[in-house]
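# Inside the fold
Here are the chains, one letter per residue:
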Amino acid sequence: MARQLRAEQTRSTIITAAADLFDRRGYESTSLSDIVEHAHVTKGALYFHFAAKEDLAHAILELQSHTARRLATETDNRGHTSLEALMRLTFGITRMSVEDPVLRAGLRLATGGIRPRPPLSHPFTEWLDIVTARLVGAVKESDVHPEIDIDVVAHSLVCFFVGTRVVGRSREPVARQPRRTAEMWNILIRGLVPVTRRARYLSLAARLEREIAPV
């Protein structure tokens, strides 16, 4: 049992080190030797868990997918409206991205042409499915204008959310991301939500930003 625990800890250390380097330097500019040095492990330990750099990339994308699905399930189970659940999900991913290099690396891998291995879906496909389902619910709950094209809005929202993080990565500290997510929602709420319900969701966006903003 102790040996298994050490192996799991070593694997986690290697993934975190690889994620940090992929996030800061990029996938192509990071070698396995760099990861060994950054993780403070031996080459043997790395190869015991991962036969190639591609295996590390896939492991990071798997963790990103698992995190997104877990957060989506958690928000759904708390009895929120569909729109609030979607907002909380985006702020939750933002918070974890600030704290966790694995999620930041997952985004950089996804935007850098790294393809997940089946049956894992591409992160953007998965996010589109998640957003679409919640927008359908928000329309039914009258929190979003009924005449919207859900597919177009879902695509635009994912592009907005991903693009904000990609642009921010090279222009400002990652701690700025909660503010950017709130700004995104301030724009979307004004375009999607009926006037009679708008104040509630603008207030929610401000509150969620305060909750996750770094101290």
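Residues numbered from 1 in each chain as written. Predicted model: local features only at pLDDT ≥ 70, side-chain atom pairs only at ≥ 80, totals over all residues. Heavy atoms only, no water.

Following the criterion strictly, the structure yields 16 salt bridges and no others. The salt bridge partner of Glu172 is Arg180, with a shortest N-O separation of 2.9 Å. Residue Glu183 pairs with Arg180 through a salt bridge whose shortest N-O separation is 2.9 Å. Of this pair, Glu183 and Arg180 are both found in helix H9 (residues 177–192), three residues apart, which corresponds to roughly one turn of the helix. Here Glu183 falls in the partly exposed class, since its relative accessible area comes to 25%. Within this structure, Glu172, Arg176, Arg179, Arg180, Glu183 and Glu209 form a network of salt bridges that share partners. (Salt bridge = Lys/Arg side-chain N within 4 Å of Asp/Glu carboxyl O. Helix = DSSP H or I, 4+ residues; strand = E, 2+ residues; numbered from the N terminus. Buried < 20%, exposed > 50% of the residue type's maximum accessible area, 1.4 Å probe, protein only.)

Our focus in this paragraph is the side chain of Arg104. Relative to the elements of secondary structure, Arg104 occurs in helix H6 (residues 101–111). Beyond its immediate chain neighbours, meaning those up to four positions away, Arg104 contacts Asp23, Ser97, Val98, Glu99 and Val174. (Contact = heavy atoms within 4.5 Å.)

According to UniProt, the feature "DNA-binding region" (unreviewed entry) maps to residues 31–50 in the numbering used here. Helix makes up 75% of residues 31–50 and strand 0%. Its end C-alpha atoms lie 13 Å apart. (UniProt positions renumbered as here; feature names shortened; annotations may be inferred.)

Axis separation between helix H5 (residues 82–99) and helix H7 (residues 123–140) bottoms out at 7 Å; the angle between their running directions is 150°. Classified by the angle their axes make, H5 and H7 are roughly antiparallel. Residues Ser82, Leu83, Leu86 and Leu89 of H5 lie in contact with H7, whose contacting residues are Ile130, Val131, Arg134, Leu135, Gly137 and Ala138. Broken down by class, the residue content of the contact of H5 with H7 amounts to seven nonpolar, two polar and one charged. (Axes fitted to C-alpha atoms, helices over the stretch in contact; angles between N-to-C directions. Parallel < 35°, antiparallel > 145°, perpendicular 65-115°, else oblique. Nonpolar A, V, L, I, M, F, W, Y, C, P; charged D, E, K, R; others polar.)

This part takes up the packing of H5 against H9. Here H5 crosses H9 at 160°, and the two axes come no closer than 9 Å. By the criterion of interaxial angle, the relationship of H5 to H9 is roughly antiparallel. Where H5 crosses over H9, the handedness of that crossing is right-handed. Every residue of H9 that contacts H5 at Leu83, Leu86, Met87, Thr90, Phe91, Thr94 and Val98 is listed here: Gln177, Pro178, Thr181, Ala182, Trp185 and Ile189. Split into classes, the residues belonging to the contact of H5 with H9 amount to nine nonpolar, four polar and no charged. (Left-handed = near helix turned anticlockwise from the far one by under 90°.)

On to the packing of aromatic side chains, then. In total, this model carries two aromatic pairs according to the counting rule given. Taking the centre distance of 5.7 Å and the plane angle of 50° together, the rings of Phe124 and Trp127 count as tilted. A residue pair is termed a helical-turn pair when its members lie 3 or 4 positions apart in one helix, as Phe124 and Trp127 do in helix H7 at three residues. A relative accessible area of 22% means that Phe124 is categorised as partly exposed. (Phe/Tyr/Trp six-rings, centres within 6.5 Å; stacked < 30°, edge-to-face > 60°.)

Moving on to the nonpolar core. Nonpolar side chains in soluble globular proteins generally cluster together in the buried interior. Formed by 37 residues in total, the largest nonpolar core has its most connected members in Leu83, Met87, Val131, Trp185, Ile189, Leu192 and Tyr201. Elements represented by at least two residues in this core include exactly helix H4 (53–76), H5, H6, H7, helix H8 (150–171), H9 and helix H10 (195–212). The element that contributes the greatest number of residues to this core is H5, accounting for seven residues. Aside from chain neighbours lying at most four places away, what touches Tyr201 is Thr81, Leu83, Glu84, Met87, Asp143, Ile189 and Val193. Counting residues in hydrophobic clusters, the runner-up holds 25 residues, among them Tyr27, Leu32, Val36 and Phe50. (Core = buried A, V, L, I, M, F, W, Y, C linked by side-chain atoms within 4.5 Å.)

The positions UniProt marks with the feature "domain: HTH tetR-type" (unreviewed entry) are residues 8–68. Between the end C-alpha atoms of residues 8–68 there is a gap of 22 Å, over a span that is 80% helix and 0% strand.

Glancing now at the domain arrangement of the protein. Where the parts come together, the accessible area they lose is often given as the size of the interface. With domains assigned, the protein is organised as domain 1 (1–51) and domain 2 (53–211). Once you take the C-alpha centre of each, domain 1 and domain 2 turn out to be 28 Å apart. Buried area between domain 1 and domain 2, both sides added, is near 1500 Å², and the carbon and sulfur share of it is 70%. Considering only the surface of domain 1 that becomes buried against domain 2, Phe22, Asp23 and Tyr27 emerge as the three largest contributors, covering 43% of it. Taken together, the links from domain 1 to domain 2 amount to one salt bridge. Notably, a salt bridge pairs Arg104 with Asp23, separated by 3.1 Å at the nearest N-O pair. Inspection of the region where domain 1 meets domain 2 yields six residue pairs in polar contact (both at pLDDT 80 or more). Elements with a contribution of two residues or more to the side of domain 1 that touches domain 2: helix H1 (2–25) and helix H2 (32–39). Among the elements that line the side of domain 1 that touches domain 2, the one with the most residues is H1, at eleven residues. (Domains from an automatic or database assignment. Buried area = accessible area lost by both parts, 1.4 Å probe. Polar contact = N/O pair within 3.5 Å; in protein donor to acceptor, adjacent residues only side chain to side chain.)

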